[in-house]
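Architecture at a glance
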Amino acid sequence: MPITKQNVFSNLIWRFLERTGAQIVQFVVAIVLARLLTPEDYGTIALITVFITIMNVFVDSGLGSALVQKKDADNIDFSTVFYTNIVFCLVLYALMFVVSPYIARFYKNAELTAVIRVLSITILISGVKNIQQSYVSKTLQFRKFFFATLTGTVTAAVVGIWLAYNGAGVWALVAQQLINLTIDTILLWITVRWYPSFVFSFERLKALFSYGWKLLASALLDTTYNNLRQLIIGKKYSSQDLAFYNKGNLFPQAIVGNINNAIDSVLLPVMSESQDDKERVKQMTRRAIKTSTYCIAPLMMGLAACAPVIVHLLLTDKWLSCVLYLRIFCITYMFFPIHTANLNAIKAMGRSDLFLKLEIVKKIMGLTVLFSTMWFGVMVMAYSLLLTSFLGQIINSFPNKKLLNYGYLEQLKDILPGIALAVCMGVLISFINLLPIASLVKWLVQIVCGIVVYMLGSALFRLESFAYLKSFVTEKFFSK
C-alpha cells in the first residue's frame, strides 16, 4: 500500500478510534469493578500481570518490529516469524506453569499458583495474534484492529462484570483478560487476509533476528524495569499499596495510551518507508513531537487538576489515596511524545544497536534511582518517576542530534509553548476544587473552563501546533 498523507491520516484515525473505543470500554469496566472488588483483589492481579507482561516481551522477540522495518518483507519472512513465535510461546507457557508455585510461595499467597497458570494462557494466544498485528502494521490496515478489538473488549467486559457481581473476585479479572484477547485474535485471523505458508527460512530468521534481538533486549530491559516497582511494592509493602499505585496510573495511561499507541503504530512503518531521506524523517519526528505534546499536555494537566473530583465520583472515596499517584503519572505521561517519536526515528533508521544502548544507559540510571528510593516508601518511589522521565527524554533524543540534526534543546523549544499553556490552564481550573458545589457540577465546570482557556490561549499566543491542526481539520473536513 503506497504511503500518502491521506493514507497515513486515515490509518492514524482508525488506530486512534480502536484504542479509544477499547479504552472507553475498559475504563467503564475498571470503574465498575473497582466498586465491586477490593484493592486487595486488584493488587493480586497486578502482581501476576507483571510476570505475564515480562513473558509477553519474548512473544514478539523483536521480530515483529523487524518485519515492519524491513522494506521488502514477504510471505517467507512472515511465515518464518510465525512458526518461531509459536515455539517460543509454548516454551514460555511451560516455564510459567512450572515456576508459578515458587512465585506464590515468594509472595505468601497460595491462590497465585492457579491464577498464574490460567492467566499465562494469554502468552499462547498472544503468540498466535502477534504476526497478524505485524502484518496489519506493515500494510497499514488498522481498520481491521478497530472491529476486532472493540468486539473482544465489549464481550470480555460483560463477562467480567457479571462474574465480579456474582462474587468471583480475582477470577473475574482473569476471565476478562482471557476472553478479550481470545476474541480479538480470532477476529483478526478472520478479517486479515494473511495466513502462514508451509515455509521456513533460517537465513531470513537470522537476518531478522540480527535487527530484532536488540529490540527484544531493549523491550525486556524496559518492561522488567517498568514492572520492577510493582514487584518491590507488592513484596516490601502491601497489595493495597500496589493497588493504589496502579489505580493512579489508570486514568492517565488510558488517555495517553490511546494517542501514543496510535502514533507509535503508524510512525514506524511510515518512517521506515522514508528511512533513506533523513530530512523527511526529521520533519516527521518534529511534527509528531509538537502535535502530540500539544494534544496530550492539556489532557494531563486537566486530569491532574480534576483528580480529587474524578476519583470521588468514579471510584468512590475508598480509592482517594491514589490521587497523588495519579498526578505524578500525569506529569510523566505528558512528555511521552518525546520518547515515542525519538525512538521510532531511531528504529526506522535501522539503528536497533543504538536503541539497545539507550535502554541500557536508561536502565542503569533508573535502577540506581529506584534502589535508592525504595526504602523510603511508595510515594517516594513514585516521585522518582519524575526524575527518571526527565533524564530519559535527554537520553532518547541524544542520538537524533547526529542522525537527524534534531537535538533535545530544539525539541524542548518546540513543545514548551504548549506545555506552559497547559500548566497555566491546570493551575487555573484547580481553584475550582475550592467551590462549595456538587462534585459532578464542579467537574463539568472544570472541563468547560479548561477547554476555553486552552483554546483561547492557543489562538491568542498563536501556537504553531494550534494553527497546524486548525488548517488540517479545515482542509480535511470543510474544503470543497
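Look a little higher up for the structure.
Calculation criteria
Residues numbered from 1 in each chain as written. Predicted model: local features only at pLDDT ≥ 70, side-chain atom pairs only at ≥ 80, totals over all residues. Heavy atoms only, no water. Helix = DSSP H or I, 4+ residues; strand = E, 2+ residues; numbered from the N terminus. Buried < 20%, exposed > 50% of the residue type's maximum accessible area, 1.4 Å probe, protein only. Contact = heavy atoms within 4.5 Å. Areas by Shrake-Rupley, 256 points an atom, 1.4 Å probe, with all protein chains shown as cover. Salt bridge = Lys/Arg side-chain N within 4 Å of Asp/Glu carboxyl O. Expected span 1.5 Å × (residues − 1). Arc of directions from axis to C-beta. Core = buried A, V, L, I, M, F, W, Y, C linked by side-chain atoms within 4.5 Å.

To continue, consider the overall build of the protein. Each helix and strand in the protein was counted, giving 18 helices and zero strands. Counting all 480 residues of the protein, 54% fall into the buried class. Considering only contacts within the protein whose residues lie at least 6 apart along the sequence, 84% involve residues at least 24 apart. Only carbon and sulfur atoms are counted for the fraction: they give 70% of the accessible area of the protein, which is about 21,300 Å².

A few words on the pattern of salt bridges. On inspection of all chains with the given rule, the structure shows eight salt bridges. In this structure, Lys-129 engages Asp-184 in a salt bridge whose closest nitrogen and oxygen atoms are separated by 2.7 Å. Taken together, the positions of Lys-129 in helix 6 (residues 121-139) and Asp-184 in helix 8 (residues 170-191) put the pair 55 residues apart, joining distant regions of the chain. On the basis of relative accessible area, Lys-129 is assigned to the buried category, the value being 10%. Glu-359 serves as the salt-bridge partner of Lys-363, at 2.9 Å between the closest nitrogen and oxygen. Taken as a pair, Lys-363 and Glu-359 lie in helix 14 (residues 352-373) at a separation of four residues, close to a single helical turn. Each member of the pair, Lys-363 as well as Glu-359, carries the same accessibility label: buried. Counted as one network, the salt bridges with shared partners bring together Arg-286, Glu-410 and Asp-414.

For Arg-462, which is not glycine, the phi dihedral falls at a positive 55 degrees. The class for Arg-462 is exposed, based on a relative accessible area of 75%.

A word on helix 17 (residues 439-460). Between its terminal C-alpha atoms helix 17 stretches 31 Å, which fits the 32 Å expected from 22 residues at 1.5 Å a residue. When helix 17 is considered as a whole, its buried residues turn out to be Lys-442, Gln-446, Gly-450, Tyr-454, Gly-457 and Ser-458. Buried residues in helix 17, looked at end-on, bunch into an arc of 110 degrees, giving them a common side. The outward face of helix 17, more than 90 degrees from its buried face, is lined by the exposed residues Val-448, Ile-451, Leu-456 and Leu-460.

Nonpolar side chains in soluble globular proteins generally cluster together in the buried interior. Among the nonpolar cores identified, the biggest contains 78 residues, and Tyr-245, Phe-251, Met-300, Leu-303, Val-311, Leu-326 and Met-334 are the most heavily contacted of them. Considering each element in turn, this core owes the most residues, 17 residues, to helix 11 (residues 278-315). Apart from residues lying up to four places away in sequence, Met-334 is in contact with Thr-293, Ile-296, Ala-297, Met-300, Met-301 and Ile-419. Core analysis: the next-biggest nonpolar cluster, separate from the first, contains 18 residues, Ile-131, Ala-148, Leu-188 and Leu-208 among them.

Don't take any of this as a statement about function, it's just geometry.
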